[in-house]
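Here are the chains, one letter per residue:
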Amino acid sequence: MLSNSEKLAKLRQYFVSGATRSYQFRRQQLEKLKQAIIKYEAEIYQALYSDLKKSPEDCWITENGFLLVEINNALKNLRSWMQPKPVKTNLLNFPSSSQIIREPLGVVLIIGAWNYPLQLLLVPLVGAIAAGNCAVLKPSEFASATEKLVIKIIQEIFPEEYVLIVPGDGAEVIPNMLDSFTFDHIFFTGSTRVGKIIYQLAAEKLIPVTLELGGKNPCVIEADANISVATRRIAVTKFSNCGQMCIAADYVLVHQSQQENLIRELANTIVNFFGEDARLSADYGKIINEKQFERLIDLLKDGEIVFGGKTDRENLYIQPTLLTNVSLDAPIMQGEIFGPILPIIAFSTFEEALAIIA
């Protein structure tokens, strides 16, 4: 059985052979991936339910359906993407002509995240395939059911010298690969803390990196806001996937004249979306694991609970929760929450709100 180092060397050989460069080859690989996602649709739903209690509708919108749209877009545009692009030529090189010719990078490493464990791993793969690269996939070990299924899919449709999937503990697997092999690009989705580690490891070999990291997304509600519309828009993203989504509102800044109205309407909206007991809702997920559950439980202490706050450790359930009287120095305001807890902070002037965001 080959070691990871030997497998990585075979990927390099396969890329250098030129096998991945033709239009026909790239198109065939995208079609293979598309048909596999369609074939395993039911198993994808089962795996994502096991890992995160996602509903089929949620999976379709944010995982496999999203992925299929990306594949279809690549298939539609692949030929035009591969065409040389004429550009202007400066007088020094007249009468010659100039073109931009897009070349594959080589062997790329794609490191997925656990909150959208299918989409965040395979959408970057679509781009890598379309560009003519070989790829190494590192799925998140925390979404174990999806990890097992993705391994099954990838090994069924792609040879290891073209797309290699490497499971296991990322803290061990990734540094070991980077120590023995120089990738041509690294694509990482995950936390800022881990992103810094990946960046440092890549910098030692001058490997270019694309990082999609977490943030501290504010939502500002001014005095003239339509609260009914605002609360629906906030709740549908903040509590989707149990708040484990990097584009969700992390906290709300609301004009003091609208604070009570906002809290009341948000509470009503949450009940309308998920029922009186969200743990019974088919549309409400669960926390990924006990480590994240414990971290979020600690954050509940950082303010006054005005709605929600119920928890169930055995089922990794945390009720959609609204907090007020939150200090800007509290731990909940120092990092990304990444869970179904929403601090609500009042402001009196827009300048005050901007100062908090800054």
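This section reports on the structure supplied with the text. Nothing here was measured: the structure is a model prediction, and the numbers come from that model.

1. Things to note about the pattern of salt bridges
One side chain can pair with another of opposite charge once the charged atoms of both are near each other. Scanning the entire structure with this criterion turns up 12 salt bridges. The shortest N-O distance in the salt bridge between Glu156 and Lys39 comes to 3.0 Å. With a gap of 117 residues between them, Glu156 in helix α7 (residues 144-157) and Lys39 in helix α2 (residues 23-39) connect regions that are remote in the sequence. Note that Lys138 and Glu141 form a salt bridge whose closest N and O atoms lie 3.1 Å from each other. The structure contains a network of salt bridges with shared partners spanning Asp277, Arg279 and Asp312.

2. So, the packing of aromatic side chains
The description of an aromatic ring pair uses the distance of the two centres, along with the angle that the planes make with each other. One pass over the structure, following the stated rule, counts 8 aromatic pairs. Here the aromatic cluster, defined as three or more aromatic residues joined through ring pairs, consists of Tyr14, Phe25, Phe158 and Tyr162.

3. Considering the side chain of Thr321
When you line up the elements, Thr321 lands in strand β13 (residues 321-324). Discounting chain neighbours no more than four positions away, the residues touching Thr321 are Phe239, Leu300, Ile305, Phe307, Gly308, Gly309, Pro340, Ile341 and Leu342.

4. Things to note about the environment of Gln35
Here Gln35 is to be found in helix α2. Classification of Gln35 by relative accessible area gives partly exposed; the value is 44%. C-alpha of Gln35 to C-alpha of Leu68: the two residues are 33 residues apart in sequence and 9.4 Å apart in space.

5. Here we look at the sheet that holds strand β10 (residues 304-307)
The strand order across the open sheet built from 5 strands is β8-β9-β14-β13-β10, with neighbouring strands paired in mixed fashion. The sheet is open, and its two edges are formed by β8 (218-221) and β10, each paired on a single side. Strand-to-strand, the axes of this sheet are offset by a mean angle of 30 degrees, without reference to chain direction. As paired elements, strand β9 (residues 251-255) and strand β14 (residues 341-347) share 4 bridges and run parallel to each other. Looking at the pairing, Val252 lines up with Ile344 of β14.

6. Some words on the packing of α2 against helix α5 (residues 64-82)
Here α2 crosses α5 at 165 degrees, and the two axes come no closer than 10 Å. As the angle between them shows, α2 and α5 are arranged roughly antiparallel. When you trace α2 past α5, the crossing you get is left-handed. Contact residues: Tyr23, Arg26, Arg27, Leu30, Glu31, Leu33, Lys34, Ile37 and Ile38 in α2; Asn64, Leu67, Leu68, Ile71, Asn72, Ala74, Leu75, Leu78, Arg79 and Met82 in α5.

7. Observations concerning the environment of Ile151
Positionally, Ile151 belongs in helix α7. Judged by relative accessible area, Ile151 falls into the buried class, the value being 17%. Remark: the alpha-carbon pair of Ile151 and Leu137, spanning 14 residues in sequence, is separated by 9.3 Å. Not counting residues within four places of it along the chain, the set of residues in contact with Ile151 comprises Ile165 and Pro167.

8. Describing the packing of helix α3 (residues 41-52) against α7
Between α3 and α7, the least distance of the axes is 7 Å, while the angle of their chain directions is 150 degrees. It follows from the interaxial angle that α3 and α7 lie roughly antiparallel. In contact with Glu43, Ile44, Ala47, Leu48, Ser50 and Asp51 of α3, α7 contributes Ser144, Ala145, Thr146, Leu149 and Lys152.

9. A closer look at helix α11 (residues 259-274)
Over its 16 residues, α11 runs 22 Å from end to end, which matches the ideal 22 Å to within 8%, given 1.5 Å per residue. Of the residues making up α11, those classed as buried are Leu262, Ile263, Leu266, Ala267, Thr269, Ile270 and Phe274. Buried residues of α11, viewed axially, fall in a sector of 165 degrees; they line one side. Turned more than 90 degrees away from the buried face of α11, the exposed residues are Glu260 and Asn272. Residues of α11 that are buried in the fold lie against β8, α10 (227-238), β9, β10, β13 and β14.

The rules we used
- Residues numbered from 1 in each chain as written.
- Predicted model: local features only at pLDDT ≥ 70, side-chain atom pairs only at ≥ 80, totals over all residues.
- Heavy atoms only, no water.
- Salt bridge = Lys/Arg side-chain N within 4 Å of Asp/Glu carboxyl O.
- Helix = DSSP H or I, 4+ residues; strand = E, 2+ residues; numbered from the N terminus.
- Phe/Tyr/Trp six-rings, centres within 6.5 Å; stacked < 30°, edge-to-face > 60°.
- Contact = heavy atoms within 4.5 Å.
- Buried < 20%, exposed > 50% of the residue type's maximum accessible area, 1.4 Å probe, protein only.
- Pairing = 2+ DSSP bridges.
- Axes fitted to C-alpha atoms, helices over the stretch in contact; angles between N-to-C directions.
- Parallel < 35°, antiparallel > 145°, perpendicular 65-115°, else oblique.
- Left-handed = near helix turned anticlockwise from the far one by under 90°.
- Expected span 1.5 Å × (residues − 1).
- Arc of directions from axis to C-beta.

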